[in-house]
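Working through the structure, step by step
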Amino acid sequence: MKVNPQQLLDDGYIILRQVIPPKQLDELRDSFEVLVERQKTVWARERKPDDPPGGAWETSAQPRVFFDEVVNEETANAVEFCLHENTLGVSQQLMRAPEAAPTLMALMCSPVRDHGPASWHRDIDPVGQAPLRGMQMDILKNASGYVQWNIPLYDDRVFWIVPKSHRRPNTPAEQHHLLTDARAPIPGGIPVELSAGDGVVYTHVLLHWGSNYSTRLRRTIHLGYRAFGGDVYPMGDHFYWNLGFTKHLSQRSRARFEHFFQLHQQQCDLIESTFRAILNRDADGFLNGLVKLHPGTEERMVCVVYLSKLADKTRTLKNPDIINLSLEERIDAISAHRLSFYLFEDFARRFSVKEAHLLCERFSTLFEKVETERVQSVPDATSRVRRYQLTQMPANFDVEDFIHSWDA
Ligand SMILES: [Fe+2]
């Protein structure tokens, strides 16, 4: 399947027909139904005291099965589909990267009772990641380092998008709509109409909407892929899986996931050495690392902002008050997802408390500049929608300025 990366940059999405080869559709439907049943058992077991007997299956507006967690030998084809030319291969083409890997393998299901529409949103957080224009320009001037997919097993038109909205911040009218009437159709929004087996691949910076979480049967595969070695540092960089499930796979598939994991480890090594260069005020060492993490010459500063957030999370995880908290509280402390948290803890083990603090000192001028912009544009950072108003990267502060700021 051939795709045009420019189409993704222009429109923010591409609809592809028969991403699931028709011959595979029935067997994938069967496997995913088994996986849903297996997950339902887990949810029932893990229900909270006030939950109904089915737990999350009954309470969630959109029950989401991270199917690698429940996969077995008989359903391995579900995971193996994530390695297919039409999914992984297409993602790699779109990201113009030498390598790509699945980060997220989920199945979105219809709820047991009608929940109606969700809210329009972008899947990114400019306050937690990087100012919105920075993230957008990084994609537009280089490439997307992360793509997301919806691939329905049954016809599906729940997902709506605002085409091209990945290229710009919300308009004042859109921002008003999201703040006052987020669960209604938005001007410029269109449904993505997919037949069983079709797929939409998109950049999750795009404004999008789950238009109706009704009980109509929905089984839609939801995947994320990140690039390795492409022009940008991916805004979605961590895996929501660990290698445990791969024991159920064929040797060939297992080897591929092991390879992805290695790529991730190598990236962590590279970030560690880049951080150590910063600690040592070694400008050449830092630039050497940065150029590998973000080969694209434009918008490299966006990668530095991502790194600053990782440094901040590392410091938080090293904090003696945090280390002794429960797992749930530690996850909350860095706003992580439970499935990728272990990667941050693994990374934090690479640094001492003292190093983590010193590292954040080196980032302090950048932190201040981003925070000044944040205070002006997003006085109320508790609102997900208002956080989209953090659009501007720090003015007149480029990589060289960051290096000079180490001595401040
Ligand atoms: Fe979303």
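Here the structure is a predicted model, which is why all the values come from computation and not from measurement. (Residues numbered from 1 in each chain as written. Predicted model: local features only at pLDDT ≥ 70, side-chain atom pairs only at ≥ 80, totals over all residues. Heavy atoms only, no water.)

Observations concerning the overall build of the protein chain
For clarity, the cut-off: Numbering of helices and strands starts at the N terminus; helices are DSSP runs of H or I of at least 4 residues and strands are runs of E of at least 2. Each radius of gyration reported is based on C-alpha atoms, and the globular scaling rule is 2.2 Å times the count of residues to the power 0.38. The buried label goes to any residue with under 20% of its type's maximum accessible area, the exposed label to any with over 50%, and the partly exposed label to all in between, with areas taken from a 1.4 Å probe on protein chains only.
When you go through the protein chain residue by residue, the secondary structure sums to 16 helices and nine strands. By the compact-globule yardstick of 22 Å for 408 residues, the protein chain fits well, its C-alpha radius of gyration being 21 Å. Projected onto its principal axes, the C-alpha positions of the protein chain cover 60 × 50 × 50 Å. Across the 408 residues in the protein chain, those meeting the buried criterion constitute 55%.

Here we look at the sheet that holds strand β8 (residues 208-210)
For sheets, the rule is that strands pair by backbone hydrogen bonds, running either parallel or antiparallel. Note the following rule: For two strands to pair, DSSP has to find at least two bridges joining them.
Read across the open sheet, the three strands follow the order β6-β5-β8; overall the sheet is antiparallel. Lying at the two open borders of the sheet, with one neighbouring strand each, are β6 (190-191) and β8. Note: strand β5 (residues 159-161) against β8, three bridges, orientation antiparallel. Pairing of F159 across the sheet is with G210, part of β8.

Notes on the coordination of the iron ion
As a reminder of what qualifies: Here the term donor refers to an N, O or S atom within 2.8 Å of the metal (or 3.2 Å for Na, K and Ca), and because water is left out of the atoms, sites may appear incomplete.
Those protein atoms acting as donors to the iron ion are H121 (NE2), D123 (OD) and H208 (NE2), and they sit at 2.1 Å. Mapped onto the sequence, the donors of the iron ion take the spacing H-x1-D-x84-H. We classify H121 as buried; its relative accessible area is 16%. For D123, a relative accessible area of 28% corresponds to the partly exposed category.

Remarks on the domain arrangement of the protein chain
Applicable threshold: The domain boundaries here were taken from an automatic or database domain assignment. Accessible area that two parts lose when put together, with a 1.4 Å probe and added across both, is what the buried area reports. One speaks of a salt bridge when a side-chain nitrogen belonging to Lys or Arg is within 4 Å of a carboxyl oxygen belonging to Asp or Glu. By the criterion applied in these results, polar contacts are pairs of N or O atoms within 3.5 Å in which, for protein atoms, one can donate a hydrogen and the other can accept it, and in which residues neighboring in sequence qualify only through two side-chain atoms. Amino acid classes used here: Ala, Val, Leu, Ile, Met, Phe, Trp, Tyr, Cys and Pro are nonpolar; Asp, Glu, Lys and Arg are charged; the rest, including Gly, are polar.
Annotation of the protein chain at the domain level lists domain 1 (5-261) and domain 2 (263-405). For domain 1 versus domain 2, the separation of C-alpha centres amounts to 25 Å. With both sides pooled, the region where domain 1 packs onto domain 2 buries about 3600 Å², and carbon together with sulfur makes up 62% of that total. Counting every contact that joins domain 1 to domain 2 gives four salt bridges. Where domain 1 meets domain 2, there are 22 residue pairs in polar contact (both at pLDDT 80 or more). Elements supplying a minimum of two residues to the side of domain 1 that touches domain 2: α6 (132-141), α7 (172-180), β9 (219-228) and α8 (251-279). Among the elements that line the side of domain 1 that touches domain 2, the one with the most residues is α6, at seven residues. Tallied by class, residues from the side of domain 1 that touches domain 2 come to 21 nonpolar, 11 polar and 11 charged.

As for the pattern of salt bridges
The tally for this structure, following the rule as stated, stands at 22 salt bridges. Close ionic contact of K141 with E299 constitutes a salt bridge, the shortest N to O distance being 3.1 Å. With K141 in helix α6 and E299 in the loop between α9 (283-293) and α10 (300-318), the pair connects residues that are 158 residues apart, well separated along the chain. Between D156 and R218 there is a salt bridge, and its shortest N-O distance comes to 2.7 Å. Placement of D156 in the loop between β4 (146-152) and β5 and of R218 in the loop between β8 and β9 is noted, with a sequence separation of 62 residues between them. Assessed through its relative accessible area of 6%, D156 is described here as buried. Bridged by salt links that share partners, the residues D269, E272, R276, R350 and E355 form one connected network.

Details of the sheet that holds strand β2 (residues 64-66)
Which entries qualify depends on this criterion: Convention adopted: a line fitted to C-alpha atoms gives each axis, helices being fitted over their contacting stretch, and angles between N-to-C directions are expressed from 0 to 180 degrees. We call two residues in contact whenever any of their non-hydrogen atoms come within 4.5 Å of each other.
One open sheet accounts for six strands, arranged β1-β7-β4-β9-β3-β2; its pairing is antiparallel. Bordering the open sheet on either side are β1 (13-16) and β2, each of which pairs with just one other strand. Between one strand axis and the next, the sheet turns through 20° on average, direction left out of account. In terms of strand pairing, β1 meets strand β7 (residues 199-202) through four bridges, oriented antiparallel. Each bridged residue has a counterpart across the sheet, and for Y13 the counterpart in β7 is Y202. Strands β2, β3 (99-109) and β9 of the sheet are contacted by helix α2 (residues 22-45), whose axis makes an angle of about 100° with β2.

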